[in-house]
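# Observations on chain architecture
As a plain string of letters, each chain reads:
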Amino acid sequence: MSPRRAAGRRRRGRFLVLEGLDGAGTTTQAQRLAAWLRAQGRQVHVTAEPSGGPVGALVRQVLTGRVGGAAARPGAANPFDPHALALLFAADRLDHVASEIAPRLAEGQDVISDRYTLSSLAYQSLTCGGPAWIEAINARAPAPDATLFLEVSAATAVRRRFAASSRRELFEVPAFQRRVARSYQRALARLQEQGERVLVVDGEQPVEAVTAALAERVKSLL
Ligand SMILES: Nc1ncnc2c1ncn2[C@@H]1O[C@H](COP(=O)(O)OP(=O)(O)O)[C@@H](O)[C@H]1O
Ligand SMILES: Cc1cn([C@H]2C[C@H](O)[C@@H](COP(=O)(O)OP(=O)(O)O)O2)c(=O)[nH]c1=O
């Protein structure tokens, strides 16, 4: 059989997204879920948003205050426009899909992304006057096979982030995290209404228990 036909017969990989507040454990669990999938004999690519591509690099500069400096902070006299940032997240997503995610899925690899569209729906709906426009600018981003939401309280998320590092990014402020927690609940409900598969896992449990719960949910999708 020619390599082309062999590739044509290959089954598409699974596209899984991990979501949660800053500190929910998505970075930790992306790696651990990948290890579990590999142990099942699957090929797995782990990635994250903002991505490692050119638009993602720009987004990270805004988040860490290197673009606009103190002006990137909410409430600053001349803030980095939140709508411009929402567009950068959406542009980064389409570039990420085209350059990194879709080709691997087509090759049969599973892809785990640490954050995706649900992050924009949760965070940017708060800074851009609601979800409608955020949904519109993300309409071209393909739906994942499942979005796995790690549910933790804002207090847990902030405590974990403070323990891990003293560096603060744009959205890592306790009062804002409480608002993001509520926004995530609204965004989850909207995605579910639209027929997307969203699975909620208790992220307050010890690391190993969270991974076991994720594996249990993912098993039925393979
Ligand atoms: N289930 C857990 N219980 C306790 N601490 C955790 C748990 N998951 C992650 N952590 C710790 O919390 C911090 C943030 O985790 P991380 O995976 O980087 O979160 P995120 O990527 O969601 O911000 C890290 O120090 C990590 O070791
Ligand atoms: C992907 C995405 C991230 N974000 C935010 C969430 C985080 O505060 C930040 C990503 O920074 P990062 O340091 O990657 O966060 P974490 O390690 O917690 O996953 O950007 C959005 O506001 N919208 C988005 O679409």
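Residues numbered from 1 in each chain as written. Chains lettered and ligands numbered in written order. Predicted model: local features only at pLDDT ≥ 70, side-chain atom pairs only at ≥ 80, totals over all residues. Heavy atoms only, no water.

By the naming in an unreviewed UniProt entry, the chain goes by Thymidylate kinase and is assigned to Anaeromyxobacter diazotrophicus. Recorded in UniProt for the chain, the comment headed Sequence similarities (unreviewed entry) runs: "Belongs to the thymidylate kinase family." As recorded by UniProt, the Function (unreviewed entry) comment attached to the chain reads in full: "Phosphorylation of dTMP to form dTDP in both de novo and salvage pathways of dTTP synthesis." (UniProt positions renumbered as here; feature names shortened; annotations may be inferred.)

### Focus on the site of ligand 1
In the vicinity of ligand 1, 15 residues are found, and the nearest of them are Gly 23, Gly 25, Thr 27, Thr 28 and Arg 161. One of the backbone N or O atoms of Thr 26 is found 2.9 Å from an oxygen atom in ligand 1. In this structure, Arg 160 approaches ligand 1 through a side-chain N or O atom, which is 3.4 Å from a nitrogen atom. Protein chains shield 72% of the accessible area of ligand 1, which is 560 Å² for the free molecule. Elements that contribute at least two residues to the shell around ligand 1 include exactly helix H2 (26–39) and helix H7 (154–164). A breakdown of the residues in the shell around ligand 1 according to their chemical character gives five nonpolar, seven polar and three charged. (Near = heavy atom within 4 Å. Polar contact = N/O pair within 3.5 Å; in protein donor to acceptor, adjacent residues only side chain to side chain. Areas by Shrake-Rupley, 256 points an atom, 1.4 Å probe, with all protein chains shown as cover. Helix = DSSP H or I, 4+ residues; strand = E, 2+ residues; numbered from the N terminus. Nonpolar A, V, L, I, M, F, W, Y, C, P; charged D, E, K, R; others polar.)

### Points about a positive patch on the surface
On the surface, a cluster of positive charge is made up of Arg 178, Arg 179, Arg 182 and Arg 186. The topology assignment puts Arg 182 in helix H8 (residues 174–193). (Patch = residues over 30% accessible without salt bridge, like charges linked within 9 Å, V, L, I, M, F, W, Y side chains within 5 Å. Salt bridge = Lys/Arg side-chain N within 4 Å of Asp/Glu carboxyl O. Lys, Arg positive; Asp, Glu negative; His and termini not counted. Charge placed at Lys NZ, Arg CZ, Asp CG, Glu CD.)

### Digging into the site of ligand 2
Near ligand 2 lie 16 residues; those nearest to it are Asp 22, Arg 93, Arg 115, Ser 120 and Gln 124. A distance of 2.7 Å is found between an oxygen atom of ligand 2 and a side-chain nitrogen or oxygen belonging to Asp 22. Elements with a contribution of two residues or more to the shell around ligand 2: helix H4 (82–107) and helix H5 (117–127). With four residues, H5 is the largest single contributor of residues to the shell around ligand 2. The residue inventory of the shell around ligand 2, partitioned by class, reads five nonpolar, four polar and seven charged.

### Observations regarding the nonpolar core
Formed by 46 residues in total, the largest nonpolar core has its most connected members in Leu 16, Leu 33, Ile 112, Leu 148, Tyr 184 and Leu 214. With six residues, H8 is the largest single contributor of residues to this core. Once residues within four sequence positions are removed from consideration, Leu 148 is found in contact with Leu 16, Val 17, Leu 18, Glu 19, Leu 33, Leu 199, Leu 214 and Val 218. Listed in part, the eight residues of the second largest apolar core include Phe 15, Val 97, Val 111 and Ala 141. (Core = buried A, V, L, I, M, F, W, Y, C linked by side-chain atoms within 4.5 Å. Buried < 20%, exposed > 50% of the residue type's maximum accessible area, 1.4 Å probe, protein only. Contact = heavy atoms within 4.5 Å.)

### Quick notes on the environment of Gly 129
By the element assignment, Gly 129 lies in the loop between H5 and helix H6 (131–137). Judged by its relative accessible area of 80%, Gly 129 falls in the exposed class. The spatial distance from the C-alpha of Gly 129 to the C-alpha of His 83 is 9.6 Å, given a sequence separation of 46 residues.

### Some thoughts on the packing of helix H3 (residues 54–63) against H4
Packing of H3 against H4 brings their axes to within 8 Å, and their N-to-C directions diverge by 150°. Our classification of the angle between H3 and H4 gives roughly antiparallel. Handedness of the H3/H4 crossing: left-handed. Residues Pro 54, Val 55, Gly 56, Leu 58, Val 59, Val 62 and Leu 63 of H3 lie in contact with H4, whose contacting residues are Leu 85, Leu 88, Phe 89, Ala 91, Asp 92 and Asp 95. Residues belonging to the contact of H3 with H4 are distributed by class as follows: 10 nonpolar, one polar and two charged. (Axes fitted to C-alpha atoms, helices over the stretch in contact; angles between N-to-C directions. Parallel < 35°, antiparallel > 145°, perpendicular 65-115°, else oblique. Left-handed = near helix turned anticlockwise from the far one by under 90°.)

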